[in-house]
Amino acid sequence: MEAPSTPTLVQSITQKSTKPVVPPQYIQPPENRPNNPHNQTPINHKIPTINLTGDQNPDTLRQEITRACKDWGTFHVINHGVPVNLLDEIRKVGSFFFEELPMGERIKYACDPNSPASEGYGSRMLVASDDAVLDWRDYFDHHTFPVSRRCSSRWPHVPDNYREVVEEYSDQMKLLAQKVLGLISGSLGLSSSYIEDAMEELYQNITISYYPACPQPELTLGLQSHSDFGFITLLIQDNVAGLQVVKDGEWVTVDPVSHAVLVILGDQTEVSLCIFPFDCFY
């Protein structure tokens, strides 16, 4: 039995038995389950993909940004400036942590079980109460901006480049976030710094999510429907099309685009601009 201070981890549930079952706290209400007829996904919608290459016509780019924000609240960006090899490396070090590092080592980086937003390894991010239905995922959350929040000694030291990769990924994603927010501001006829000025100070977390194979996937969700409360989320996907967004009242699967970055507008962007409708994500 795990010690009381040790967090319950989804990955450990799947490894405790040759025939694991989903514990009650992970079972979604019938109306929220993936096989609910009301949650079926149409196949004829694809979210926009926007090319940020330097030779893109500025007027065309502004129009594409405007349509994507108004119609979807999310879009892929390609030719975004983040090195492709860095995207590969962050996936590699994340996979190593969850799939190669022994549990005895991983647990050294566990979140504070008494704090729903602490940095580290866990499975109960922002869980408000003990009776809440839990997501079928584990994660490692890194506090990365402002730089004063960084405490790389709390990050794994294996593989050897783990800390270096996370720091570089953080820096590159900050630059991309500033670029995208500037484009969104400009598409509305505002100064390119409008949204960033509204932020005052940029806070950034880098979260690596891990979704273990589920023995009863019809009962669970990797991440429940929600909107992101910050200004912007930048997400890189793996090859599994599990993410969905709401479009015109229907759940639409976000197909991965190789080495693209998915942009998701958060609640604070909606509030600061008072124009975009927000969509829910899981």
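See the structure printed just above.
A short tour of the structure in this document, coming up.

The rules behind each value
- Residues numbered from 1 in each chain as written.
- Predicted model: local features only at pLDDT ≥ 70, side-chain atom pairs only at ≥ 80, totals over all residues.
- Heavy atoms only, no water.
- Salt bridge = Lys/Arg side-chain N within 4 Å of Asp/Glu carboxyl O.
- Helix = DSSP H or I, 4+ residues; strand = E, 2+ residues; numbered from the N terminus.
- Buried < 20%, exposed > 50% of the residue type's maximum accessible area, 1.4 Å probe, protein only.
- Phe/Tyr/Trp six-rings, centres within 6.5 Å; stacked < 30°, edge-to-face > 60°.
- Lys NZ or Arg CZ within 6 Å of the ring centre and 35° of its normal.
- Pairing = 2+ DSSP bridges.
- Axes fitted to C-alpha atoms, helices over the stretch in contact; angles between N-to-C directions.
- Contact = heavy atoms within 4.5 Å.

On to the pattern of salt bridges, then. Taken as a whole, this structure holds eight salt bridges when the rule is applied. For the salt bridge of R150 with D171, the shortest nitrogen-to-oxygen distance reads 2.7 Å. Of the two residues, R150 sits in the loop between β4 (138–145) and α5 (162–187) while D171 sits in helix α5, which places them 21 residues apart along the sequence. The buried category is assigned to R150, whose relative accessible area is 18%.

Another aspect to go through is the packing of aromatic side chains. Taken as a whole and judged by the stated rule, the model has nine aromatic pairs. Between Y26 and W136 the ring centres are 5.3 Å apart and the planes differ by 80°, which places this aromatic pair in the edge-to-face class. One end of the pair, Y26, is in the loop between α1 (10–15) and β1 (49–51); the other, W136, is in the loop between β3 (120–122) and β4, and 110 residues separate them in sequence. Using a relative accessible area of 1% as the deciding quantity, one classes Y26 as buried. Taking relative accessible area as the criterion, W136 reaches 3% and is therefore assigned buried. When the ring of F97 is compared with that of Y121, the centres are 5.1 Å apart and the planes differ by 85°; the resulting orientation is edge-to-face. Of the two residues, F97 is situated in helix α3 (residues 84–99) and Y121 in strand β3; the sequence distance between them amounts to 24 residues. The same class applies to F97 and to Y121, which are both buried. Taken together, F97, F98, Y109, Y121, F140, Y162 and Y210 form an aromatic cluster joined through their ring pairs. A cation over a ring is seen here: R150 above F145, with NZ or CZ 4.7 Å from the ring centre. When the ring centre of W72 is taken as reference, the NZ or CZ atom of K247 above it lies at 5.1 Å.

Pairing is mixed across the open sheet formed by four strands, whose spatial order is β1-β2-β9-β6. With one partner strand each, in any of the chains shown, β1 and β6 (232–235) form the two edges of the open sheet. With direction set aside, neighbouring strand axes in the sheet form an average angle of 30°. As defined by bridge partners, β1 adjoins strand β2 (residues 74–78) across three bridges and the pair is classed as parallel. Within the sheet, the bridge partner assigned to I50 lies in β2 and is V77. Against the sheet, helix α2 (residues 58–71) contacts β1, β2 and β9 (261–265), and its axis sits at roughly 160° relative to β1. Those strands touched by α5 are β2, β6 and β9, and its axis lies near 125° from that of β6.

What follows deals with the sheet that holds β3. The three strands are arranged β3-β4-β5 in an open sheet whose pairing can be described as antiparallel. Two strands close off the open sheet at either side, each with one partner strand: β3 and β5 (204–210). The sheet shows a mean angle of 20° between the axes of neighbouring strands, direction not considered. Here β4 runs beside β5; their pairing, made up of seven bridges, is antiparallel. Its bridge partner lying in β5, D138 is registered against Y210. Where α3 meets the sheet, it contacts β3, β4 and β5, and its direction lies at approximately 55° from that of β5. Sheet contacts for α5: β4 and β5; angle to β4, the most-contacted strand, approximately 65°.

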